[in-house]
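Spelled out, the chains give:
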Amino acid sequence: MPKVKKVPLRMCIGCQEMKPKRELTRVVRTPQNTVEIDATGKKSGRGAYLCSNIECLQRAIKGKRLERSLECFISPEIIETLKQGMVK
């Protein structure tokens, strides 16, 4: 009998839906306290997951869910950088 691989699920902090990890974008607060988009999903630091659409990012920012999950203040410059990274 072949082994069935388990698909890791993560919750989008924008829409609160559980989705496969590969479908989501990881936003990470690095040990240097910078907030970045983690394309590889392997950077060290505290992470939060978002769907790849801009609406989930806006919901996460409006409800302060992103700040709460990353446990840091997010400046408007970082928000603009995240928006530009999500569009790509």
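Residues numbered from 1 in each chain as written. Predicted model: local features only at pLDDT ≥ 70, side-chain atom pairs only at ≥ 80, totals over all residues. Heavy atoms only, no water.

A. Broad picture of the nonpolar core. In this structure, Cys12, Val27, Leu50, Leu66 and Leu70 are the most contacted members of the largest nonpolar core, which totals 20 residues. Within the residue set of this core, elements represented by two or more residues are strand E5 (46-50), helix H1 (54-62), helix H2 (65-70) and helix H3 (76-87). Here leucine 50 is in contact with Cys12, Ile13, Gly14, Leu24, Thr25, Val27, Cys56, Leu57, Ala60 and Met86, once residues within four sequence places are set aside. (Core = buried A, V, L, I, M, F, W, Y, C linked by side-chain atoms within 4.5 Å. Buried < 20%, exposed > 50% of the residue type's maximum accessible area, 1.4 Å probe, protein only. Helix = DSSP H or I, 4+ residues; strand = E, 2+ residues; numbered from the N terminus. Contact = heavy atoms within 4.5 Å.)

B. Representation of the pattern of salt bridges in the model. Scanning the entire structure with this criterion turns up four salt bridges. Between glutamate 71 and arginine 46 there is a salt bridge, and its shortest N-O distance comes to 3.5 Å. Pair noted here: glutamate 71 is in the loop between H2 and H3 and arginine 46 is in strand E5, with a separation of 25 residues, a long-range link. According to the relative accessible area criterion, glutamate 71 is exposed, its value standing at 52%. Arginine 46 sits in the partly exposed class, given a relative accessible area of 38%. (Salt bridge = Lys/Arg side-chain N within 4 Å of Asp/Glu carboxyl O.)

C. The arrangement of the sheet that holds strand E3 (residues 25-29) in detail. The three strands are arranged E4-E3-E5 in an open sheet whose pairing can be described as antiparallel. Strands with a single pairing partner mark the edges of an open sheet, and in this sheet they are strand E4 (35-38) and E5. Going across the sheet, the axis of each strand differs from the next one's by a mean of 30°, ignoring polarity. By the bridge criterion, five bridges tie E3 to E5 in an arrangement that is antiparallel. Opposite arginine 29, over in E5, you have arginine 46 as the bridge partner. Across the sheet, H3 is in contact with E3, E4 and E5; its angle to E4 comes to roughly 10°. (Pairing = 2+ DSSP bridges. Axes fitted to C-alpha atoms, helices over the stretch in contact; angles between N-to-C directions.)

D. Spatial organisation of the environment of arginine 65. Here arginine 65 lies in helix H2. Residues arginine 65 and lysine 19, spaced 46 residues apart in sequence, show a C-alpha to C-alpha distance of 18 Å.

E. Local environment of the environment of serine 44. By secondary structure assignment, the location of serine 44 is in the loop between E4 and E5. Expressed as a C-alpha distance, the spacing of serine 44 and threonine 34, which sit 10 residues apart in the sequence, is 12 Å. Residues within four places of serine 44 in sequence aside, it is in contact with Val28, Arg29, Thr30 and Pro31.

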